Amino acid sequence: MEKTVQLYEGKAKKVYATADENLCIVSYKDDATAFNGLKKGTIAGKGVVNNRMSNMLMQLLEKQGVPTHYVEELSDRETVVKKVKIVPLEVIIRNVSAGSFAKRYGVEEGIAFDEPTIEFSYKNDDLGDPLINTYHALALKLATKQEIETIKTYAFKVNEVLKNYFAALGVRLIDFKLEFGKLPDGTIVLADEISPDTCRFWDIKTNEKLDKDRFRRDMGGVEDAYKEIFKRVTAGE
């Protein structure tokens, strides 16, 4: 399958049309951004890690009953996916306090929750992706009540599957962001990516961060962290 025209370029990926109107090709870049694009850089090899890791995890989730946009991996950086209309809600699941949650509520990082939390943000760069609740989403007609319920159900299922999967690799799944899309017939599927760009991964024994926080916080060892999480995931193949 070959790319035709570029449809979109985001912070981490380019999306191309194909001869099949229902399929696209996603190409992963090494560009890295943080704080809504205010911080920019490059993480060598990131595109390969994010592409291959996302594809492996999407296939795992499909087997567990979560429909995804994944179709076929073409190369280290390129994947065929179903063309979807992205629901403009970023879905954040948290198992442990970290990042903006810790900052917003004045708690330290690393507090394990009794139950996972869920929050939505309105996917809008110009507004800085503000937090939003279900009622706001309905008022803005971003999704229907049924679509939001479906998204919630899938998001918690993703958490359950991935938490167990990563625990077996010696990794704590702290929190992560998901995006969902709609197929032409209205079916909701998991889209975007699942990677160290969109998840927080801490080593179970040392709490060492194996994700994009190393880039956000100038901690160093960013490439090594991506390689390490990728090594653990591929070793489990």
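This section reports on the structure supplied with the text. (Residues numbered from 1 in each chain as written. Predicted model: local features only at pLDDT ≥ 70, side-chain atom pairs only at ≥ 80, totals over all residues. Heavy atoms only, no water.)

A word on helix α1 (residues 46–63)
- In this model, α1 (18 residues) spans 26 Å end to end at C-alpha, consistent with the 26 Å of a helix rising 1.5 Å per residue.
- For α1, a buried count of 13 out of 18 residues is recorded, marking the element as mostly surrounded by other parts of the structure.
- After α1 finishes, the residue glycine 65 shows a positive phi value of roughly 90 degrees. (Helix = DSSP H or I, 4+ residues; strand = E, 2+ residues; numbered from the N terminus. Expected span 1.5 Å × (residues − 1). Buried < 20%, exposed > 50% of the residue type's maximum accessible area, 1.4 Å probe, protein only.)

What about unusual backbone geometry?
- The phi dihedral of aspartate 129 is positive, around 50 degrees, even though this residue is not glycine.
- Judged by its relative accessible area of 16%, aspartate 129 is buried.
- Despite not being glycine, asparagine 207 shows a phi value in the positive range, around 65 degrees.
- Mapped onto the elements, asparagine 207 comes out in the loop between β14 (199–203) and α5 (213–216).
- For asparagine 207, a relative accessible area of 37% puts it in the partly exposed group.

Some words on the packing of aromatic side chains
- In the structure shown here, the tally under the stated rule is four aromatic pairs.
- Pairing phenylalanine 101 with phenylalanine 113 gives two aromatic rings, centres 5.1 Å apart and planes at 55 degrees, and the pair type is tilted. Placement of phenylalanine 101 in helix α2 (residues 99–105) and of phenylalanine 113 in strand β10 (residues 112–122) is noted, with a sequence separation of twelve residues between them.
- When the centroid spacing of 5.1 Å and the interplanar angle of 85 degrees are considered together, the rings of tyrosine 165 and phenylalanine 166 count as edge-to-face.
- Grouped by ring-pair contacts, the aromatic residues Phe101, Tyr105 and Phe113 constitute a single cluster. (Phe/Tyr/Trp six-rings, centres within 6.5 Å; stacked < 30°, edge-to-face > 60°.)

Here we look at empty space enclosed by the protein
- Considering all chains together, one arrives at one cavity of 30 Å³ or more under this definition.
- Its volume calculated, the largest cavity comes out at about 40 Å³.
- Lining the largest cavity, in full, are Val26, Tyr28, Asn51, Ser54, Asn55, His69, Thr79, Val81 and Asp192.
- Those elements that provide at least two residues to the lining of the largest cavity are β3 (23–28), α1 and β7 (78–82).
- For the lining of the largest cavity, the element with the highest residue contribution is α1, accounting for three residues. (1 Å grid on protein atoms, 1.4 Å probe; cavity = no way out; pocket = protein on both sides within 12 Å on 5 of 7 lines; lining within 4 Å. Points joined across faces, edges and corners; volume = space filled by probe spheres on them.)

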